[in-house]
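What follows is each chain in one-letter form.
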Amino acid sequence: MNRFSSTLPWGLWVGAACLLAGSAQALQWQDVTAASGVDFRYSNGMQGQFHFPEIMGGGAAVLDYDRDGRMDLYLVQGGRLLPGGDGEPIGDRLFRNVSEPGPDGQLQLRFEDVTEAAGIRALGYGMGVAVGDLSGNGYPDLYVLNYGANQLWRNNGDGSFTDITEQAGVAGAEWSVSGSVVDLDGDGRNELMVINYVDFTLDNHRVCRSAMTSQQDYCSPSAYDGVPDRLYRNLGDGRFEDVSEASGIAGQARHGLGVIAADFNDDGRVDLYVANDGVPNALWLNQGGLRFEDDAFLAGVAVNAGGQSEAGMGVDAADFDDSGAEDLFLTHMRMETNTLYRNDGQGWFTDLTNRLGLGVPSLGYTGFGTAFLDADLDGWLDLVVANGAVVIEDALAEAGDPFPYHQGNQAFRNRGGNGFEEVTAESGSALNRSEVSRGLAVGDLDNDGGLDLVIANINAPARILRNLKDSGHHWLGLEPVNDSGARLLPEVWLLDDEGARHRHRRARRDGSYASARDPRLVIGLGERASAVTIEMVWPDGQAERFEGLAPDRYHRLVRGQGQTVDSQTPEE
């Protein structure tokens, strides 16, 4: 069922405004890391043996852990794979947003490290982080994904966290990278999907060499067996049940790296899409009762248009062309292309990568973290990709670079739903800095409507990139919550003047690579400066209308306080 009409007067008006603006509007970010107080380097602990996990971490999260309206940061740390070494492990870090308004009324970005004060001691070899309310108290918890046992940190709601991994039963023992916190059975409690990579241990470490130079390099995932992902059902009492086998998820043992949850076939149930490295991807369609079937091949998202498996790293899902359906974008390895699959509204996808201008620009890069976001607030979702090689860049090695894997990141501007154009060169040196980037988390750190970037880099500082938001466009910020203030993740439509659905957006935390994003919604309005009406569809399918929402500010929208409208319910 396609619930969307794209031929509406208001939508045509916004599209025309965007086309008049043209491609001259760059997507601009400024590096404010030093001024923000975020002092963090992801250390991979390499000692010359080329252990596989050294080239794959780490992630970042944007979350409001204390619910004060300002987005905080969680950065995952690597460390030492081999025993020994001097000093204590560094561990993950939690940074509280303590920004205050400047003379212009805008928040001046500033963070403080509150890791110890919050009681967090996460010393594993970190890969990624997933965020969401797993304990049921309305505050976002942290699930840290490691090479080795993972950790679940319960947010106590008073600024502190407690490690409840053991009692929750969600440690696992695999090499985990990404996760998704989402209610998959409609009972109001969030499940936990954990994406596992390969069966690597220090004991089965293999020596791999460059095909070009024969020098030792990091192995590809094909050197090791894949392992099944894990799905944990939330029992509602602080404990979880491993339903990986019963759900069907454990029936595959592949090389998983990225995950995104969304209703891809419009049946009212939340599905799971997993980006796999070098093997076919998985589209787990929700059959109800926490049972899933992989429909990736039939749906057209297992392999690319040429029938080839690619090195799936990062993934995001959003409605890039305002068709009303969730499309998919995946990042891949150099000499492949990143891939965009367009959803026809029924859960059938077409690889439109080359047609939409995303193929050739990505050939020379290895992509990891990625995100759809309306960076210039023109109403169309742009793309950002964090890049970094996994095998030696020969030119860098020949120049004597001590860590010859760094690449620049990329930005692509959406041309009114008709394709993308790369605007990296116009986006400033902050984005295109050559580093070994992995995790990418998106969020409005200063609450000005411009979506900022947090980029995690191997053996280099994490970068905080502030969106300069100089297009002059207007925006609408939405913070959907329940009556206790806990954030919810609904779908939203803007309505035109006749009350018909138009622009479509979906709140989410998951996606990208090993990272979690700001759960609030920022919707670009282009030149429109007048109040708008939205229709919000909550996760259980119930819908409400909120009218007269002024632009250029955030609105806290409480479930139950809008006007009830007809809604879609899951098919039985």
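Quantities reported herein were computed from a predicted structural model and do not represent experimental measurements.

Chemist: Quick one: what's the story with the overall build of the chain, residue by residue and with numbers?
Modeler: Within the chain, the secondary structure is distributed over six helices and 40 strands. The C-alpha atoms of the chain give a radius of gyration of 22 Å, which matches the 25 Å a tight globule of 572 residues would have. Here the C-alpha coordinates of the chain stretch approximately 65 × 55 × 55 Å along the principal axes. Looking at the chain as a whole, 62% of its 572 residues are labelled buried. When contacts within the chain are restricted to residue pairs at least 6 apart in sequence, those whose partners lie at least 24 apart make up 60%. A gap of 2 Å separates the mean positions of the 43 positive and 86 negative side-chain charges of the chain.

Chemist: Run through the domain arrangement of the chain, naming residues and quoting values.
Modeler: What the domain assignment reports for the chain is domain 1 (29-475) and domain 2 (476-565). Using only C-alpha atoms to locate each centre, domain 1 and domain 2 end up separated by 24 Å. Roughly 3700 Å² is buried in total at the junction of domain 1 and domain 2, and carbon and sulfur atoms are behind 46% of that figure. At the junction of domain 1 with domain 2, the criterion picks out six salt bridges. Measuring nitrogen to oxygen at the nearest pair gives 3.1 Å for the salt bridge that ties Glu326 to Arg506. Our count for the contact surface shared by domain 1 and domain 2 stands at 39 residue pairs in polar contact (both at pLDDT 80 or more). Of all the secondary structure elements, the ones that give two or more residues to the side of domain 1 that touches domain 2 are strand E2 (60-63), strand E8 (125-132), strand E12 (176-182), strand E18 (256-262), strand E22 (315-318), strand E26 (367-373), strand E30 (437-443) and strand E33 (474-481).

Chemist: So what's going on with the nonpolar core? Which residues, and what values?
Modeler: Phe52, Met56, Leu73, Trp175, Leu445 and Val454 are the most contacted members of the largest nonpolar core, which has 47 residues in total. When contributions to this core are tallied by element, the ones reaching two or more residues are E2, strand E3 (72-75) and E8. Leave out the neighbours within four places in its chain, and Phe52 touches Trp175, Tyr197, Val198, Phe200, Tyr218, Cys219, Ser220, Pro221 and Tyr224. Ranked by size, the runner-up nonpolar core spans 21 residues in total, among them Ala371, Leu373, Ala375 and Leu451.

Chemist: Give me the environment of Asp295: which residues, what numbers.
Modeler: As for its position among the elements, Asp295 is in the loop between strand E21 (291-294) and helix H5 (296-299). Considering only alpha carbons, one finds Asp295 and Asn281, 14 residues apart in sequence, at a separation of 9.8 Å. Those residues in contact with Asp295 that sit more than four places away from it in its chain are Leu283 and Leu285.

Chemist: Which residues make up the state of the cysteines, and what values do they have?
Modeler: Counted under the stated rule, the structure contains one disulfide. Bridging Cys208 to Cys219, the disulfide has an S-S length of 1.9 Å. Judged by the torsion about the S-S bond (95°), the Cys208/Cys219 disulfide is right-handed. In this pair, Cys208 sits in strand E14 (residues 208-209) while Cys219 sits in the loop between strand E15 (216-217) and strand E16 (230-234), placing the two residues eleven residues apart along the sequence. Each of the two residues, Cys208 as well as Cys219, counts as buried.

Chemist: How would you summarise the sheet that holds strand E39 (residues 554-558) if you had to cite specific residues and measurements?
Modeler: Here we have three strands laid out as an open sheet, ordered E36-E33-E39, and mixed in their pairing. Of all the strands in the sheet, just strand E36 (521-526) and E39 have a single pairing partner and so form its edges. The sheet shows a mean angle of 25° between the axes of neighbouring strands, direction not considered. Pairing between E33 and E39: five bridges, direction parallel. Bridged to Leu478 within E39 is His555.

Chemist: Lay out the pairing of E30 in plain terms, naming residues and giving numbers.
Modeler: Summarising burial for E30: seven of the seven residues are buried, a large majority. Where E30 meets strand E31 (residues 452-457), five bridges bridge the pair, whose relative direction is antiparallel. Note that in E31 the partner of Leu440 across the bridge is Ile455.

Chemist: Which residues make up the pattern of salt bridges, and what values go with them?
Modeler: Counted by the stated rule, this structure contains 37 salt bridges. Arg230 is the partner of Asp242 in a salt bridge, and the nearest nitrogen-oxygen pair spans 2.5 Å. Note that Asp242 is positioned in strand E17 (residues 240-242) and Arg230 in strand E16, a separation of twelve residues in sequence. According to the relative accessible area criterion, Asp242 is partly exposed, its value standing at 37%. With a shortest N-O distance of 3.8 Å, Asp267 and Arg269 are connected by a salt bridge. Here Asp267 falls in the buried class, since its relative accessible area comes to 9%. In this structure, a network of salt bridges that share partners links the residues Asp66, Asp68, Arg70, Arg96 and Glu100.

Cut-off values and rules
- Residues numbered from 1 in each chain as written.
- Predicted model: local features only at pLDDT ≥ 70, side-chain atom pairs only at ≥ 80, totals over all residues.
- Heavy atoms only, no water.
- Helix = DSSP H or I, 4+ residues; strand = E, 2+ residues; numbered from the N terminus.
- Rg over C-alpha atoms; globule rule 2.2 N^0.38 Å.
- Buried < 20%, exposed > 50% of the residue type's maximum accessible area, 1.4 Å probe, protein only.
- Contact = heavy atoms within 4.5 Å.
- Lys, Arg positive; Asp, Glu negative; His and termini not counted.
- Charge placed at Lys NZ, Arg CZ, Asp CG, Glu CD.
- Domains from an automatic or database assignment.
- Buried area = accessible area lost by both parts, 1.4 Å probe.
- Salt bridge = Lys/Arg side-chain N within 4 Å of Asp/Glu carboxyl O.
- Polar contact = N/O pair within 3.5 Å; in protein donor to acceptor, adjacent residues only side chain to side chain.
- Core = buried A, V, L, I, M, F, W, Y, C linked by side-chain atoms within 4.5 Å.
- Disulfide = S-S within 2.5 Å.
- Pairing = 2+ DSSP bridges.
- Axes fitted to C-alpha atoms, helices over the stretch in contact; angles between N-to-C directions.

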